[in-house]
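# Commentary on secondary and tertiary structure
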Protein chains: 2
Amino acid sequence: MNVAIIAAAGRGERMGGNRPKQFLLLAGTPIIFHTLRPFEQCASIQEIIVVLPAEESAGFLSEAHRIGLANLVRVVPGGETRAESVSRALLTISPTTAEIVAVHDGVRPFVKPDEITRAVEAAKVSGGALLVAPMTDTVKEVSGAEVVRTLDRKSLRRALTPQCFRYDILRRAYEGADLHDPALTDDSFLVEQIGINVTAIEGSARNIKITTPEDLVAAEALLQEKGL
Amino acid sequence: MNVAIIAAAGRGERMGGNRPKQFLLLAGTPIIFHTLRPFEQCASIQEIIVVLPAEESAGFLSEAHRIGLANLVRVVPGGETRAESVSRALLTISPTTAEIVAVHDGVRPFVKPDEITRAVEAAKVSGGALLVAPMTDTVKEVSGAEVVRTLDRKSLRRALTPQCFRYDILRRAYEGADLHDPALTDDSFLVEQIGINVTAIEGSARNIKITTPEDLVAAEALLQEKGL
(Lines give C-alpha, C1' and ligand atoms only; values in the text may rest on other atoms or scores of the structure.)
Protein backbone atom coordinates (compact mmCIF):
# COMPACT_ATOMS: atom_id res chain seq x y z
CA MET A 1 0.00 0.00 0.00
CA ASN A 2 1.24 3.49 -0.88
CA VAL A 3 0.34 6.34 1.45
CA ALA A 4 0.41 10.09 0.78
CA ILE A 5 1.13 12.52 3.61
CA ILE A 6 -0.14 16.01 2.79
CA ALA A 7 1.69 18.49 5.03
CA ALA A 8 -0.87 21.20 5.70
CA ALA A 9 -0.35 22.05 9.35
CA GLY A 10 1.41 25.39 8.77
CA ARG A 11 -0.17 28.58 10.00
CA GLY A 12 1.01 30.60 7.00
CA GLU A 13 2.09 33.83 8.70
CA ARG A 14 3.88 34.92 5.52
CA MET A 15 0.61 35.26 3.64
CA GLY A 16 -1.01 37.69 6.09
CA GLY A 17 -4.72 37.43 6.87
CA ASN A 18 -6.45 35.19 9.38
CA ARG A 19 -6.58 31.79 7.67
CA PRO A 20 -3.60 29.50 7.10
CA LYS A 21 -2.64 29.76 3.42
CA GLN A 22 -3.72 26.19 2.57
CA PHE A 23 -7.32 27.26 3.31
CA LEU A 24 -7.31 30.38 1.16
CA LEU A 25 -9.69 30.18 -1.78
CA LEU A 26 -8.43 29.32 -5.24
CA ALA A 27 -11.24 29.59 -7.82
CA GLY A 28 -13.68 29.51 -4.89
CA THR A 29 -12.33 26.33 -3.26
CA PRO A 30 -9.73 26.10 -0.47
CA ILE A 31 -6.26 25.34 -1.88
CA ILE A 32 -5.97 22.16 0.20
CA PHE A 33 -8.88 20.54 -1.68
CA HIS A 34 -7.27 21.34 -5.03
CA THR A 35 -4.18 19.60 -3.66
CA LEU A 36 -6.16 16.53 -2.56
CA ARG A 37 -7.72 15.93 -5.97
CA PRO A 38 -4.70 14.56 -7.93
CA PHE A 39 -3.92 12.21 -5.03
CA GLU A 40 -7.52 10.95 -4.93
CA GLN A 41 -7.30 10.45 -8.70
CA CYS A 42 -3.91 8.72 -8.65
CA ALA A 43 -4.15 4.93 -8.92
CA SER A 44 -0.78 4.56 -7.18
CA ILE A 45 -2.07 6.04 -3.91
CA GLN A 46 -4.30 4.00 -1.57
CA GLU A 47 -4.44 6.24 1.48
CA ILE A 48 -4.06 9.99 2.12
CA ILE A 49 -3.13 11.44 5.49
CA VAL A 50 -3.80 15.17 5.73
CA VAL A 51 -1.85 16.80 8.55
CA LEU A 52 -3.73 19.89 9.72
CA PRO A 53 -3.50 22.51 12.46
CA ALA A 54 -5.30 20.95 15.44
CA GLU A 55 -7.96 23.68 15.40
CA GLU A 56 -8.77 23.00 11.73
CA SER A 57 -9.07 19.22 12.03
CA ALA A 58 -12.66 18.94 13.21
CA GLY A 59 -14.63 20.17 10.22
CA PHE A 60 -12.23 19.04 7.51
CA LEU A 61 -13.49 15.55 6.72
CA SER A 62 -17.13 16.53 6.43
CA GLU A 63 -16.20 19.37 4.08
CA ALA A 64 -14.01 17.00 2.04
CA HIS A 65 -16.90 14.50 1.91
CA ARG A 66 -19.25 17.21 0.73
CA ILE A 67 -17.13 17.88 -2.34
CA GLY A 68 -16.39 14.20 -2.97
CA LEU A 69 -12.73 14.27 -1.94
CA ALA A 70 -12.63 12.17 1.23
CA ASN A 71 -12.58 8.61 -0.12
CA LEU A 72 -9.01 7.88 0.90
CA VAL A 73 -8.52 10.60 3.50
CA ARG A 74 -7.85 10.60 7.20
CA VAL A 75 -6.73 13.55 9.32
CA VAL A 76 -3.83 13.83 11.77
CA PRO A 77 -3.28 16.95 13.92
CA GLY A 78 0.11 18.51 13.19
CA GLY A 79 2.98 19.67 15.37
CA GLU A 80 4.89 22.89 15.78
CA THR A 81 7.19 22.28 12.79
CA ARG A 82 6.77 20.62 9.41
CA ALA A 83 9.14 17.84 10.49
CA GLU A 84 7.09 17.19 13.62
CA SER A 85 3.91 17.09 11.56
CA VAL A 86 5.29 14.60 9.03
CA SER A 87 6.71 12.50 11.86
CA ARG A 88 3.31 12.34 13.60
CA ALA A 89 1.67 11.21 10.37
CA LEU A 90 4.37 8.57 9.84
CA LEU A 91 3.70 7.12 13.29
CA THR A 92 0.06 6.48 12.37
CA ILE A 93 0.99 4.32 9.34
CA SER A 94 0.91 0.56 9.77
CA PRO A 95 4.44 -0.84 9.19
CA THR A 96 3.09 -4.17 7.97
CA THR A 97 1.17 -2.81 4.98
CA ALA A 98 2.99 0.39 3.96
CA GLU A 99 5.29 0.26 0.97
CA ILE A 100 5.88 3.82 -0.32
CA VAL A 101 5.15 7.08 1.52
CA ALA A 102 4.68 10.17 -0.67
CA VAL A 103 5.15 13.43 1.27
CA HIS A 104 3.59 16.47 -0.38
CA ASP A 105 3.17 20.17 0.42
CA GLY A 106 -0.46 21.12 1.07
CA VAL A 107 0.03 24.30 -0.94
CA ARG A 108 1.16 22.62 -4.19
CA PRO A 109 -2.21 22.07 -5.89
CA PHE A 110 -0.92 21.64 -9.46
CA VAL A 111 0.85 18.29 -9.25
CA LYS A 112 -0.58 15.76 -11.72
CA PRO A 113 -1.54 12.14 -10.98
CA ASP A 114 1.01 10.81 -13.47
CA GLU A 115 3.78 12.81 -11.79
CA ILE A 116 2.85 11.23 -8.46
CA THR A 117 2.93 7.78 -10.07
CA ARG A 118 6.33 8.35 -11.64
CA ALA A 119 7.80 9.40 -8.28
CA VAL A 120 6.19 6.46 -6.44
CA GLU A 121 7.50 3.96 -9.00
CA ALA A 122 11.01 5.43 -8.94
CA ALA A 123 11.05 5.21 -5.13
CA LYS A 124 10.25 1.51 -5.35
CA VAL A 125 13.47 1.05 -7.35
CA SER A 126 15.94 3.33 -5.55
CA GLY A 127 14.32 3.74 -2.11
CA GLY A 128 13.63 7.45 -2.63
CA ALA A 129 12.58 9.84 -5.42
CA LEU A 130 11.43 13.43 -5.63
CA LEU A 131 10.00 15.66 -8.33
CA VAL A 132 12.30 18.44 -9.47
CA ALA A 133 12.17 21.36 -11.89
CA PRO A 134 14.93 23.15 -13.81
CA MET A 135 16.70 26.10 -12.24
CA THR A 136 15.59 29.15 -14.20
CA ASP A 137 17.68 31.76 -12.37
CA THR A 138 21.43 32.09 -12.45
CA VAL A 139 22.71 31.00 -9.03
CA LYS A 140 25.63 32.61 -7.22
CA GLU A 141 27.43 31.20 -4.23
CA VAL A 142 28.27 34.03 -1.84
CA SER A 143 30.47 34.47 1.19
CA GLY A 144 29.20 37.50 3.05
CA ALA A 145 28.60 40.12 0.35
CA GLU A 146 31.13 38.64 -2.08
CA VAL A 147 30.30 36.36 -5.00
CA VAL A 148 32.46 33.24 -4.67
CA ARG A 149 31.35 31.56 -7.89
CA THR A 150 28.56 31.03 -10.39
CA LEU A 151 27.11 27.54 -10.13
CA ASP A 152 26.57 25.35 -13.17
CA ARG A 153 22.82 25.65 -13.58
CA LYS A 154 22.62 22.54 -15.77
CA SER A 155 23.39 20.28 -12.80
CA LEU A 156 20.99 22.03 -10.41
CA ARG A 157 17.31 21.32 -9.81
CA ARG A 158 14.66 22.94 -7.64
CA ALA A 159 13.15 20.42 -5.25
CA LEU A 160 9.38 20.04 -5.59
CA THR A 161 7.01 17.56 -3.97
CA PRO A 162 5.84 14.83 -3.71
CA GLN A 163 8.97 13.27 -2.32
CA CYS A 164 8.47 9.50 -2.14
CA PHE A 165 10.34 6.95 -0.04
CA ARG A 166 10.15 3.35 1.04
CA TYR A 167 8.35 3.44 4.38
CA ASP A 168 11.20 1.83 6.35
CA ILE A 169 13.74 4.26 4.89
CA LEU A 170 11.69 7.34 5.74
CA ARG A 171 11.10 6.07 9.28
CA ARG A 172 14.83 5.51 9.70
CA ALA A 173 15.64 8.97 8.27
CA TYR A 174 13.21 10.63 10.70
CA GLU A 175 14.66 8.79 13.70
CA GLY A 176 17.80 10.88 13.43
CA ALA A 177 16.05 14.18 12.75
CA ASP A 178 15.71 17.20 15.04
CA LEU A 179 11.95 17.59 14.79
CA HIS A 180 12.07 21.00 16.46
CA ASP A 181 14.18 22.52 13.68
CA PRO A 182 11.85 24.80 11.68
CA ALA A 183 14.36 24.82 8.78
CA LEU A 184 13.90 21.09 8.28
CA THR A 185 11.43 21.18 5.40
CA ASP A 186 13.09 18.82 2.92
CA ASP A 187 12.42 15.12 3.52
CA SER A 188 14.80 14.10 0.79
CA PHE A 189 17.67 15.74 2.66
CA LEU A 190 17.04 13.51 5.69
CA VAL A 191 17.00 10.44 3.45
CA GLU A 192 20.17 11.51 1.61
CA GLN A 193 21.85 11.87 5.02
CA ILE A 194 21.40 8.17 5.77
CA GLY A 195 23.10 7.22 2.51
CA ILE A 196 20.20 6.51 0.18
CA ASN A 197 20.64 7.45 -3.49
CA VAL A 198 17.53 9.53 -4.12
CA THR A 199 16.26 9.75 -7.70
CA ALA A 200 15.38 13.12 -9.27
CA ILE A 201 12.25 12.91 -11.45
CA GLU A 202 11.73 15.79 -13.87
CA GLY A 203 8.37 17.32 -13.04
CA SER A 204 6.47 20.35 -14.27
CA ALA A 205 7.43 23.90 -13.26
CA ARG A 206 3.67 24.48 -12.93
CA ASN A 207 3.82 22.52 -9.66
CA ILE A 208 4.32 25.76 -7.73
CA LYS A 209 4.21 26.27 -3.97
CA ILE A 210 1.73 28.96 -2.99
CA THR A 211 3.35 30.98 -0.20
CA THR A 212 2.77 34.64 -1.06
CA PRO A 213 -0.21 36.71 -2.28
CA GLU A 214 1.58 36.97 -5.68
CA ASP A 215 1.75 33.16 -5.85
CA LEU A 216 -2.00 33.01 -5.28
CA VAL A 217 -2.61 35.38 -8.20
CA ALA A 218 -0.29 33.29 -10.39
CA ALA A 219 -2.17 30.15 -9.27
CA GLU A 220 -5.50 31.61 -10.39
CA ALA A 221 -3.93 32.24 -13.81
CA LEU A 222 -2.56 28.70 -13.99
CA LEU A 223 -5.96 27.31 -13.12
CA GLN A 224 -7.61 29.24 -15.93
CA GLU A 225 -5.02 27.97 -18.43
CA LYS A 226 -5.75 24.45 -17.25
CA GLY A 227 -9.35 24.99 -18.25
CA LEU A 228 -10.76 24.00 -14.84
CA MET B 1 29.16 59.33 -16.04
CA ASN B 2 27.19 56.17 -15.30
CA VAL B 3 25.41 54.47 -18.19
CA ALA B 4 22.59 51.93 -18.09
CA ILE B 5 22.30 49.31 -20.83
CA ILE B 6 18.77 47.90 -21.02
CA ALA B 7 18.93 44.56 -22.84
CA ALA B 8 15.64 44.38 -24.73
CA ALA B 9 16.61 42.86 -28.08
CA GLY B 10 15.15 39.42 -27.39
CA ARG B 11 12.33 38.14 -29.57
CA GLY B 12 10.62 36.36 -26.68
CA GLU B 13 9.58 33.11 -28.36
CA ARG B 14 8.81 31.54 -24.97
CA MET B 15 5.91 33.90 -24.39
CA GLY B 16 4.02 33.01 -27.57
CA GLY B 17 2.19 35.69 -29.50
CA ASN B 18 3.57 38.09 -32.11
CA ARG B 19 5.29 40.80 -30.10
CA PRO B 20 8.57 40.35 -28.20
CA LYS B 21 7.74 40.05 -24.51
CA GLN B 22 9.31 43.42 -23.57
CA PHE B 23 6.55 45.09 -25.63
CA LEU B 24 3.62 43.25 -24.08
CA LEU B 25 1.28 45.49 -22.14
CA LEU B 26 1.49 45.72 -18.37
CA ALA B 27 -1.32 47.88 -16.99
CA GLY B 28 -1.79 49.23 -20.52
CA THR B 29 1.85 50.25 -21.11
CA PRO B 30 4.59 48.16 -22.78
CA ILE B 31 6.80 46.46 -20.18
CA ILE B 32 9.93 48.15 -21.53
CA PHE B 33 8.62 51.59 -20.56
CA HIS B 34 7.91 50.40 -17.00
CA THR B 35 11.53 49.23 -16.96
CA LEU B 36 12.83 52.59 -18.19
CA ARG B 37 11.10 54.63 -15.48
CA PRO B 38 13.28 53.72 -12.44
CA PHE B 39 16.42 54.37 -14.50
CA GLU B 40 15.12 57.77 -15.63
CA GLN B 41 14.30 58.53 -11.98
CA CYS B 42 17.64 57.34 -10.62
CA ALA B 43 20.07 60.18 -9.88
CA SER B 44 23.02 57.80 -10.29
CA ILE B 45 22.30 57.21 -14.00
CA GLN B 46 23.16 59.85 -16.61
CA GLU B 47 22.53 57.92 -19.83
CA ILE B 48 20.34 54.96 -20.85
CA ILE B 49 21.05 52.78 -23.88
CA VAL B 50 18.08 50.64 -24.87
CA VAL B 51 19.11 47.71 -27.07
CA LEU B 52 16.17 46.72 -29.25
CA PRO B 53 15.40 44.32 -32.10
CA ALA B 54 16.40 46.24 -35.26
CA GLU B 55 12.80 46.21 -36.53
CA GLU B 56 11.52 47.80 -33.29
CA SER B 57 14.10 50.58 -33.12
CA ALA B 58 12.49 53.15 -35.42
CA GLY B 59 9.37 54.10 -33.48
CA PHE B 60 10.74 53.62 -29.99
CA LEU B 61 12.15 57.04 -29.17
CA SER B 62 9.07 58.96 -30.29
CA GLU B 63 6.86 56.68 -28.21
CA ALA B 64 9.19 57.09 -25.23
CA HIS B 65 9.12 60.88 -25.72
CA ARG B 66 5.34 60.83 -25.83
CA ILE B 67 5.13 59.34 -22.33
CA GLY B 68 7.99 61.45 -20.97
CA LEU B 69 10.56 58.69 -20.68
CA ALA B 70 13.19 59.59 -23.27
CA ASN B 71 15.25 62.25 -21.50
CA LEU B 72 18.34 60.09 -21.10
CA VAL B 73 17.60 57.46 -23.74
CA ARG B 74 19.29 56.44 -26.95
CA VAL B 75 18.63 53.29 -28.97
CA VAL B 76 21.08 50.68 -30.30
CA PRO B 77 19.95 47.79 -32.56
CA GLY B 78 20.70 44.43 -30.94
CA GLY B 79 22.41 41.28 -32.15
CA GLU B 80 21.46 37.64 -32.33
CA THR B 81 22.28 36.88 -28.69
CA ARG B 82 22.06 38.86 -25.47
CA ALA B 83 25.85 38.94 -25.24
CA GLU B 84 26.14 40.35 -28.74
CA SER B 85 23.51 42.98 -27.92
CA VAL B 86 25.26 44.12 -24.74
CA SER B 87 28.59 44.14 -26.58
CA ARG B 88 27.20 46.39 -29.32
CA ALA B 89 25.86 48.82 -26.73
CA LEU B 90 29.22 48.83 -24.93
CA LEU B 91 31.02 49.79 -28.13
CA THR B 92 28.88 52.93 -28.41
CA ILE B 93 29.95 54.22 -24.99
CA SER B 94 32.69 56.83 -24.85
CA PRO B 95 35.67 55.40 -22.90
CA THR B 96 36.76 58.82 -21.75
CA THR B 97 33.61 59.70 -19.82
CA ALA B 98 32.11 56.35 -18.73
CA GLU B 99 32.60 55.29 -15.13
CA ILE B 100 30.02 52.60 -14.29
CA VAL B 101 27.90 50.56 -16.71
CA ALA B 102 24.69 49.07 -15.29
CA VAL B 103 23.35 46.20 -17.42
CA HIS B 104 19.67 45.44 -16.85
CA ASP B 105 17.09 43.05 -18.31
CA GLY B 106 14.38 44.84 -20.28
CA VAL B 107 11.75 42.60 -18.72
CA ARG B 108 12.54 43.44 -15.07
CA PRO B 109 10.25 46.46 -14.57
CA PHE B 110 10.14 46.39 -10.76
CA VAL B 111 13.66 47.42 -9.83
CA LYS B 112 13.71 50.56 -7.67
CA PRO B 113 15.92 53.63 -8.16
CA ASP B 114 17.59 53.14 -4.77
CA GLU B 115 18.48 49.55 -5.68
CA ILE B 116 20.16 50.80 -8.86
CA THR B 117 22.07 53.38 -6.83
CA ARG B 118 23.25 50.81 -4.29
CA ALA B 119 24.56 48.54 -7.05
CA VAL B 120 26.27 51.44 -8.87
CA GLU B 121 27.95 52.65 -5.68
CA ALA B 122 29.13 49.13 -4.77
CA ALA B 123 30.60 48.69 -8.25
CA LYS B 124 32.65 51.85 -7.77
CA VAL B 125 34.29 50.21 -4.74
CA SER B 126 34.83 46.62 -5.92
CA GLY B 127 34.70 46.95 -9.71
CA GLY B 128 31.50 44.93 -10.00
CA ALA B 129 28.20 44.45 -8.15
CA LEU B 130 24.88 42.80 -8.87
CA LEU B 131 21.50 42.68 -7.18
CA VAL B 132 20.58 39.29 -5.74
CA ALA B 133 17.61 37.72 -3.97
CA PRO B 134 17.42 34.82 -1.52
CA MET B 135 16.97 31.28 -2.80
CA THR B 136 13.46 30.25 -1.81
CA ASP B 137 13.53 26.70 -3.20
CA THR B 138 15.60 23.82 -1.88
CA VAL B 139 18.34 23.17 -4.47
CA LYS B 140 19.63 19.72 -5.38
CA GLU B 141 22.78 18.99 -7.31
CA VAL B 142 22.12 16.08 -9.66
CA SER B 143 24.20 13.77 -11.79
CA GLY B 144 21.94 12.27 -14.41
CA ALA B 145 18.80 11.29 -12.49
CA GLU B 146 20.56 10.91 -9.16
CA VAL B 147 20.66 13.50 -6.39
CA VAL B 148 24.30 14.09 -5.50
CA ARG B 149 23.70 16.51 -2.65
CA THR B 150 21.48 19.20 -1.20
CA LEU B 151 23.12 22.62 -1.40
CA ASP B 152 23.29 24.97 1.56
CA ARG B 153 20.62 27.46 0.60
CA LYS B 154 21.96 30.09 3.03
CA SER B 155 25.04 30.69 0.88
CA LEU B 156 23.14 30.81 -2.44
CA ARG B 157 21.55 33.80 -4.12
CA ARG B 158 19.51 34.23 -7.30
CA ALA B 159 21.16 36.68 -9.67
CA LEU B 160 18.97 39.65 -10.59
CA THR B 161 19.81 42.81 -12.52
CA PRO B 162 21.10 45.49 -12.76
CA GLN B 163 24.62 44.15 -12.75
CA CYS B 164 27.02 47.09 -12.53
CA PHE B 165 30.68 47.22 -13.46
CA ARG B 166 33.47 49.68 -14.01
CA TYR B 167 33.44 50.41 -17.74
CA ASP B 168 37.03 49.21 -18.34
CA ILE B 169 36.37 45.95 -16.47
CA LEU B 170 33.22 45.12 -18.41
CA ARG B 171 34.95 45.90 -21.73
CA ARG B 172 37.81 43.59 -20.76
CA ALA B 173 35.38 40.84 -19.65
CA TYR B 174 33.54 41.03 -22.99
CA GLU B 175 36.76 40.86 -25.01
CA GLY B 176 37.14 37.21 -23.99
CA ALA B 177 33.49 36.27 -24.43
CA ASP B 178 31.94 34.06 -27.11
CA LEU B 179 29.25 36.48 -28.23
CA HIS B 180 27.47 33.78 -30.24
CA ASP B 181 26.75 31.66 -27.14
CA PRO B 182 23.01 32.03 -26.42
CA ALA B 183 23.58 30.68 -22.89
CA LEU B 184 25.75 33.67 -22.03
CA THR B 185 23.16 35.78 -20.23
CA ASP B 186 25.03 36.61 -17.02
CA ASP B 187 27.44 39.56 -17.28
CA SER B 188 28.69 39.01 -13.76
CA PHE B 189 29.96 35.56 -14.76
CA LEU B 190 32.18 37.08 -17.44
CA VAL B 191 33.56 39.58 -14.94
CA GLU B 192 34.13 36.89 -12.30
CA GLN B 193 36.09 34.94 -14.94
CA ILE B 194 38.69 37.71 -15.24
CA GLY B 195 39.30 37.66 -11.49
CA ILE B 196 37.18 40.57 -10.22
CA ASN B 197 35.54 40.13 -6.80
CA VAL B 198 31.94 40.97 -7.59
CA THR B 199 29.76 42.25 -4.74
CA ALA B 200 26.30 40.79 -4.09
CA ILE B 201 23.77 43.46 -3.11
CA GLU B 202 20.60 42.18 -1.46
CA GLY B 203 17.71 43.37 -3.60
CA SER B 204 13.98 42.79 -3.57
CA ALA B 205 12.42 39.50 -4.71
CA ARG B 206 9.79 41.72 -6.38
CA ASN B 207 12.39 42.49 -9.08
CA ILE B 208 11.08 39.59 -11.18
CA LYS B 209 11.94 38.75 -14.79
CA ILE B 210 8.82 38.49 -16.95
CA THR B 211 9.37 35.53 -19.28
CA THR B 212 6.13 33.52 -19.22
CA PRO B 213 2.40 34.37 -19.40
CA GLU B 214 2.19 33.45 -15.68
CA ASP B 215 4.92 35.99 -14.90
CA LEU B 216 2.87 38.64 -16.69
CA VAL B 217 -0.17 37.87 -14.53
CA ALA B 218 2.00 38.01 -11.39
CA ALA B 219 3.43 41.33 -12.63
CA GLU B 220 -0.06 42.82 -12.93
CA ALA B 221 -0.68 41.80 -9.33
CA LEU B 222 2.61 43.31 -8.15
CA LEU B 223 1.76 46.55 -9.92
CA GLN B 224 -1.60 46.77 -8.16
CA GLU B 225 0.08 46.20 -4.78
CA LYS B 226 2.51 48.95 -5.60
CA GLY B 227 -0.44 51.31 -5.99
CA LEU B 228 0.55 52.45 -9.49
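Residues numbered from 1 in each chain as written. Chains lettered and ligands numbered in written order. Predicted model: local features only at pLDDT ≥ 70, side-chain atom pairs only at ≥ 80, totals over all residues. Heavy atoms only, no water.

Moving on: the interface of chain A and chain B. Size of an interface: often given as the accessible area lost when the parts come together. Of the residues lining the interface, 33 residues belong to chain A; the matching set on chain B comes to 33 residues. Roughly 3100 Å² of surface becomes buried between chain A and chain B when both sides are summed, with 55% attributable to carbon and sulfur atoms. On the chain A side of the interface with chain B, the three residues burying the most area are Lys140, Val142 and Glu214 of chain A, jointly 18% of the side's total. For the interface between chain A and chain B, the tally reads 6 salt bridges. Among the salt bridges present, the one from Lys140 of chain A reaches Glu192 of chain B, with a minimum N-O distance of 2.6 Å. Seen at the junction of chain A and chain B, the total is 20 residue pairs in polar contact (both at pLDDT 80 or more). Of all the secondary-structure elements, those providing two or more residues to the side of chain A that touches chain B are strand S8 (139-143), strand S9 (146-150), strand S10 (156-166), helix H6 (187-193), strand S11 (199-202) and helix H7 (213-226) of chain A. Counted by class, the side of chain A that touches chain B contains 16 nonpolar, 6 polar and 11 charged residues. Taken together, the 3 bridges between S10 of chain A and strand S8 (residues 139-143) of chain B define a ladder with antiparallel strand orientation. (Contact = heavy atoms within 4.5 Å. Buried area = accessible area lost by both parts, 1.4 Å probe. Salt bridge = Lys/Arg side-chain N within 4 Å of Asp/Glu carboxyl O. Polar contact = N/O pair within 3.5 Å; in protein donor to acceptor, adjacent residues only side chain to side chain. Helix = DSSP H or I, 4+ residues; strand = E, 2+ residues; numbered from the N terminus. Nonpolar A, V, L, I, M, F, W, Y, C, P; charged D, E, K, R; others polar. Pairing = 2+ DSSP bridges.)

Moving on, we get to the pattern of salt bridges. Taken as a whole, this structure holds 36 salt bridges over all chains when the rule is applied. Put simply, Arg82 of chain A and Asp105 of chain A hold a salt bridge, and the shortest N to O gap is 3.0 Å. Within this pair, whereas Arg82 of chain A is found in helix H3 (residues 82-91), its partner Asp105 of chain A is found in strand S6 (residues 100-105), the two being separated by 23 residues in sequence. The burial state of Arg82 of chain A is the same as that of Asp105 of chain A; both residues are buried. Measuring nitrogen to oxygen at the nearest pair gives 3.8 Å for the salt bridge that ties Glu84 of chain B to Arg88 of chain B. Highlighted residues: Glu84 of chain B and Arg88 of chain B, both in helix H3 (residues 82-91), separated by 4 residues, approximately one helical turn. Within the structure, one salt-bridge network assembled from shared partners comprises Arg82, Asp105, Arg108, Asp187 and Lys209 of chain A. (Buried < 20%, exposed > 50% of the residue type's maximum accessible area, 1.4 Å probe, protein only.)

You can overlay chain A on chain B at an RMSD of 0.0 Å; the transform is a turn of 180 degrees with a shift of 0.0 Å along its axis. The transformation just described matches what one would write down for a two-fold rotation axis. Rotation axis and chain A: the residue whose C-alpha lies nearest the axis is Ala218 of chain A, separated from it by 2.7 Å. Mapped onto chain B, 100% of the interface residues of chain A are again interface residues, and the two copies thus contact each other with one and the same surface. (Least-squares fit on C-alpha atoms with pLDDT ≥ 70 in both.)

On to the packing of helix H1 (residues 31-41) of chain A against helix H2 (residues 57-66) of chain A. Residues and elements named next belong to chain A. Here H1 crosses H2 at 60 degrees, and the two axes come no closer than 12 Å. Accordingly, the angle class assigned to the pair H1 and H2 is oblique. Of the two possible hands of crossing, H1 and H2 adopt the one that is right-handed. Contacts from Ile32, Phe33 and Leu36 in H1 reach Phe60, Glu63 and Ala64 in H2. Across the contact of H1 with H2, the residue classes break down as 5 nonpolar, no polar and 1 charged. (Axes fitted to C-alpha atoms, helices over the stretch in contact; angles between N-to-C directions. Parallel < 35°, antiparallel > 145°, perpendicular 65-115°, else oblique. Left-handed = near helix turned anticlockwise from the far one by under 90°.)

All names here are of chain B. Among the structural elements, Gly78 can be located in the loop between strand S5 (73-77) and H3. A residue is classified by how much of its surface remains accessible, and Gly78, at 15% relative accessible area, is buried. Considered as a pair, Gly78 and Ala218 are 140 residues apart in the sequence and their alpha carbons are 28 Å apart. Contacts of Gly78, omitting those with residues within four sequence positions, involve Ala9, Val51, Leu52, Ser85 and Arg88.

Moving on to the packing of aromatic side chains. Any aromatic ring pair is given by two values, namely how distant the centres are and how the planes are angled relative to each other. Residue and element names in this part refer to chain A. Counting across every chain of the model gives 2 aromatic pairs over all chains. Where Phe33 meets Phe60, the ring centres are 5.1 Å apart and the plane angle is 20 degrees; that geometry is what we call stacked. Of this pair, Phe33 sits in helix H1 while Phe60 sits in helix H2, placing them 27 residues apart in sequence. Assigned by exposure class, Phe33 and Phe60 land together as buried. (Phe/Tyr/Trp six-rings, centres within 6.5 Å; stacked < 30°, edge-to-face > 60°.)

This paragraph deals with the pairing of S10 of chain A. All names here are of chain A. Most of S10 is tucked away: 10 of the 11 residues are buried. Pairing between strand S7 (residues 128-134) and S10: 6 bridges, direction antiparallel. Following the sheet pairing, Val132 is matched in S10 by Ala159.

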